[in-house]
Every structure is written in C-alpha cells, then in structure tokens.
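Structural description and commentary
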Amino acid sequence: MNNNSLITANNVSYKINENKLFHNLSFSVNKGEALHICGENGSGKSTLIRIILGLTNQTKGEIINQSLNKICYLGHKNALKNYLTLEDNIALMELDTHKNLMQYVDILNLKKHLDLTVSSLSFGQQKKLALLRVFLNQSDLLVLDEPYVGLDNNTHLILTNFLKNELEINKSIIFTSHIQCDIESNILEINR
Amino acid sequence: MKILKLELLKLRKKTRSWLGPILVFWLIMIAYPLTVEFLQEKLEIGFFSVLWIAILISMMLAAEDIFTEDFNDGTLEQMMIKSSPFSILVSIKTLTYWMLIGVPISVLSFIFSFGTTENFSLSLMILPLSLISSYIFLNLFVLGNALSLNKGSVLGALITMPLALPVLIVLGKSLTAIQLDINFISFILLLLGCLSIIMVAIPLVVSYIIKAHLE
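Summary of the structure given here. The shown structure was predicted, so the numbers you read here are calculated from the model rather than taken from an experiment. (Residues numbered from 1 in each chain as written. Chains lettered and ligands numbered in written order. Predicted model: local features only at pLDDT ≥ 70, side-chain atom pairs only at ≥ 80, totals over all residues.)

Residue and element names in this part refer to chain B. The terminal C-alpha atoms of helix 2 (residues 15–35) lie 30 Å apart, and with 21 residues this matches the ideal 30 Å at 1.5 Å per residue to within 8%. Within helix 2, burial applies to Ser17, Pro21, Phe25 and Met29. Down the axis of helix 2, the buried set is contained in an arc of 110°. They therefore lie on one face. In helix 2, the exposed positions that point more than 90 degrees away from the buried face belong to Thr15, Arg16, Leu27, Ile30, Ala31 and Leu34. In this structure, the buried side of helix 2 is in contact with helix 1 (2–13), helix 3 (40–62) and helix 6 (86–117). (Helix = DSSP H or I, 4+ residues; strand = E, 2+ residues; numbered from the N terminus. Expected span 1.5 Å × (residues − 1). Buried ≥ 20, exposed ≤ 12 C-beta atoms within 10 Å, placed from the backbone. Arc of directions from axis to C-beta. Contact = placed C-beta atoms within 7 Å.)

Right, here's the structure in full:
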C-alpha cells in the first residue's frame, strides 16, 4: 500500500439480488490526484461512491480510507432544508463563519437570494447553494457525484477551475460525470 | 453544543413539528372536562389517566418526522460521513425535540393538574413524572420512527407502543403512591433507571437501523 494514497480499493465487487453491478474493481487515489468514475446509467457509479464513503457495504473486497480529515461529499441529494432561508442553510452547513463565504456567495450570484427560502429557488440555484459546501471545504478528499448536473456554463467553468486549484494544493477528488471535463484525472470505467 | 444549536435552529423554524404536538396535548386536556360533569371529584377520577395518554400521544406525534425529512433530503448521509459518532447525533436530536416539545408539555401538565385538583404539592410532583415519562416515550417513538423510516410513522408507533405500557403502569402506581402519601421517590428512581438505559441503548440501536436504511 502506497503511503501517499488516500483511498485504496482492492477487488471490490457489488451485487444486488445475484445481479452483479461491478466485479473486482481495484484502484487507488493518491494525494493531489483525481479519479473520474465513468459508466452508463445504472452501471453502479453512485453505488461505488457510496461504498467509498462507507454508506453502503461492498459484497466483496476492501476499501482502505486513509484520509485524516472528514470527507467533503456532494451527492444526488443536496441536504438542503426547503423551509429555511439560504442564510440558515449556510449556518446549518456550518459555513457561516468561513472567511471566504461572501466571496463565493457573490461568485455564484446567490447574494440577492440570501433571505429567500430554498423552496423558492430553481434547481440550478439550489445546486449552487449545495456547491458552497464544496467550495468552502476543509477536507483532504472531495467526493462528488455528478457535480455538473444542473449547472450553467459559467458555474461549470467556476467549478472546473476550483477543482483544478484543489488538485494543485494536493487535495484529492473522486467524481462521477457524464460530461467530459477539463480536469486531469485517472479514469475508472465501470461496465456491467 | 454546536449540533444542539443547529438542531434547535432547524426545529424552531419548523413550527408545525413542535407546535402541533403541544396543541394536540392542550386540546385533549381542554376537551377532557367537557366530556364529564364539572364536579371536582368526577373530574379528578379520570384526569391523570387522560394526562398520561395525552403525553404519550403528543410524544408519538413529536417523533413522527424526526428522521424522515433528513433521510429524504440527504442530511442523514452527510451526518453519517462526519467523524462524530452517529449515535451521539441521534441523542442530541432527541434531546432537542424533548426540550422544545416535552418540556412545554410537562409544564402544561403541571398547570392542568393544578387547575383540576387545586392541589399544588400534588401538581408539583406530577412535573418530574411528566418530564421523565415524556423523554422515555419520545425515545421509544424515535426507535419506532427509525424502524419504519420509509414506511410511514404509524407502523413504527404501533411496533413500539407496547414498550410504553410498562411506563404507563409505573406512572399509575406512582400517582397512587402520591395520593396515599407512601414512598413516591422510589417510583421516580425506577423511571430514571429506565430512562438512563433507554438513553444509552436507543440511540445506538437507532444509529444501526438508520445505517441499514441508508444502505
């Protein structure tokens, strides 16, 4: 096992009701590296992400997680409270005291919506709010499940540049995406 | 403390979740005298039975959506990934609900008890009984809610309701002890003993159940 490695997967398999989703996957993610998980719909990309996070148990194989700080995760569900304002949601994400908060709120065009409830925002705006968790993360490892879905071109570019910067400061990224991205990454193709 | 503050913020803004059970309790207690004659003795006969049942029902309603919303919007996944033990988070969440719902209901129990019996010392002894029993009931229904997380809260409440019956029996016996002026403290200690076991065991069990649901 490499000392530089944050996540190591050895022969990981997963099956549901005798239906193999993926079989004997092995990979590792080192510091400052990105892993792009690709595959068709239903190939098990999100399941693999959940296995890496420890939310789902693999049927076979092992995942070794050596990241010391907590993992920053952005999933299909945004973990936002519809009945709360953006400001309250930011407080719930424990980002309200972050020194760069207003800078990112401004970049993402969310400043004028701070007093509105999340339910009054569009899907894309909600996604932007959820992205604050990524932009203001203090983790070694970012795990992002389809981070580009619902984003406009401008936010797409902001996110890509941000992820490139994160790699430069030796952080690691695991992400799934259907869209070709401009991030230098190792590719893990899952085929059923 | 930080988690408690955040949970309080969430629950405070979700008025229906905390005000609903308190209003249901209040309505049951208001409705009770209307169903019997307004004679002091007649009112007192069934009052405490109604009081315990009202606390039980209110706590059942309080626990109704304790995890459902967090489960549906992905908050539970985020909590699970955090390094702090998930069972502690469950304990804090339950404590928050009890503080915002259980404590006001217990204070109302004291007020209604005094209004009905006109006996201050008796009503004062009802207060710790209400506080402890509401916390026990809430924990039991939290377990029920976790068990039936994606199947509706009624099923969970039905599963855990039998566990509340021994507590109701102890509450009845402790009231008899108060009225006969015999050792009432032993009943409080018995309830506190139950509560201490429940407070440790239920969050642990609930955290495993929720993990299984998330899988």
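Moving on: the sheet that holds strand 4 (residues 60–65) of chain A. Strands belonging to one sheet form pairs held by backbone hydrogen bonds; the direction of such a pair is parallel or antiparallel. Residues and elements named next belong to chain A. The strand order across the open sheet built from three strands is 2-1-4, with neighbouring strands paired in antiparallel fashion. The open sheet has two edge strands, strand 2 (19–30) and strand 4, and neither has a second partner. Averaged over all neighbouring strand pairs, the angle between strand axes comes to 15°, with direction disregarded. As paired strands, strand 1 (residues 5–16) and strand 4 are joined by five bridges and run antiparallel to one another. Pairing of Ala9 across the sheet is with Ile63, part of strand 4. The strands that helix 1 (residues 45–53) touches are strand 1, strand 2 and strand 4; relative to strand 1, the one it contacts most, it runs at about 125°. (Pairing = 2+ DSSP bridges. Axes fitted to C-alpha atoms, helices over the stretch in contact; angles between N-to-C directions.)

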